[in-house]
Amino acid sequence: AALPLVTRLSLELPMALTGCFVLEHAFSLPGLGELTVSAVHQGDTSWLMTMAIFGTVCAAVALIVADGLHGLLDPRMGRLLVASRRRSS
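Parameters at a glance
Per chain, the residues get numbers from 1 upward, laid out in the order the sequence is written. Whole-chain, interface and lining totals are the exception, using all residues; otherwise, since this is a predicted model, local features are given only for residues with pLDDT of at least 70 and side-chain atom pairs are given and counted only at 80 or more. Processing note: side-chain calculations cover all non-hydrogen atoms of the structure and skip hydrogens and water entirely. Residues forming no salt bridge and having over 30% relative accessible area are the ones grouped into patches, like charges within 9 Å of each other and nonpolar side chains (Val, Leu, Ile, Met, Phe, Trp, Tyr) within 5 Å. The protein chains shown are the only cover counted for residues, whose accessible areas, like all others here, come from Shrake-Rupley with a 1.4 Å probe. In the sections that follow, a salt bridge refers to a side-chain nitrogen of Lys or Arg positioned within 4 Å of a carboxyl oxygen of Asp or Glu. Secondary structure elements follow DSSP: runs of H or I no shorter than four residues count as helices, runs of E no shorter than two count as strands, and numbering proceeds from the N terminus. Residue burial is assigned from relative accessible area. The probe radius is 1.4 Å, only protein chains are included, and a residue is buried under 20% of its type maximum, exposed over 50%, and partly exposed in between. Note on geometry: axes are C-alpha line fits, over the in-contact stretch for helices, and angles between N-to-C directions span 0 to 180 degrees. Roughly parallel here means an angle under 35 degrees, roughly antiparallel means over 145, roughly perpendicular means 65 to 115, and every remaining angle is called oblique. For a crossing to be left-handed, the near helix must be turned anticlockwise from the far one by less than a right angle; the clockwise case is right-handed. Whether two residues are in contact is decided by their heavy atoms: any pair within 4.5 Å suffices. Residues are grouped as follows: Ala, Val, Leu, Ile, Met, Phe, Trp, Tyr, Cys and Pro are nonpolar; Asp, Glu, Lys and Arg are charged; every other residue, Gly included, is polar.

*Asks:* Hey, could you run me through a nonpolar patch on the surface in this one?
*Replies:* A cluster of nonpolar side chains, Ile 53, Val 57, Val 61, Val 65, Leu 69, Leu 72 and Leu 73, forms an exposed patch at the surface whose accessible area comes to about 650 Å². Considering the arrangement of structural elements, one finds Val 57 in helix H3 (residues 45-73). Taking relative accessible area as the criterion, Val 57 reaches 48% and is therefore assigned partly exposed.

Laid out in structure tokens, this is it:
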């Protein structure tokens, strides 16, 4: 029963980051959301690219961790991962 939970959490991480930006703006809290909104208004492409790369790396790490957890939680998937590595080598 933990596999769907792991999958769901790995997909929710990037959306949680976006939600933090919205909460910061709604409650006038200083943070990355405020800096990102001001970067949009000023056309600061370096900051926007940095945030895009940061979000992408967070999503990729979350998916890699989820795949590893799937292999640990379900022995059948672990055997499938090992078998696919042997075939690709």
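*Asks:* Where do I start with the packing of helix H2 (residues 32-42) against H3 in this structure?
*Replies:* Helix-helix packing is characterised by the crossing angle of the two axes and by the distance between the axes. H3 packs onto H2 with a crossing angle of 135° between their chain directions and a minimal axis gap of 8 Å. Taken together, the axes of H2 and H3 lie oblique to each other. The interaxial crossing formed by H2 with H3 has left-handed handedness. When H2 is examined against H3, the residues Leu 32, Leu 35, Thr 36, Ala 39 and Val 40 are found in contact with a partner set consisting of Trp 47, Leu 48 and Met 51. Taken together, the residues of the contact of H2 with H3 sort by class into seven nonpolar, one polar and no charged.

*Asks:* Explanation requested: the packing of helix H1 (residues 2-26) against H3 in the structure shown.
*Replies:* Running from amino to carboxyl end, H1 crosses H3 at an angle of 165°, the nearest separation of the two axes being 9 Å. One way to sum up the angle between H1 and H3 is to call them roughly antiparallel. Considering how the two elements wind past one another, H1 and H3 form a crossing that is right-handed. In this structure, H1 uses Ala 2, Leu 3, Val 6, Thr 7, Ser 10, Leu 11, Leu 13, Pro 14, Leu 17 and Phe 21 to contact H3, whose residues at the interface are Met 51, Phe 54, Gly 55, Cys 58, Ala 59, Ala 62, Leu 63, Ala 66, Leu 69, His 70 and Leu 73. Residues of the contact of H1 with H3, tallied by class, amount to 17 nonpolar, four polar and no charged.

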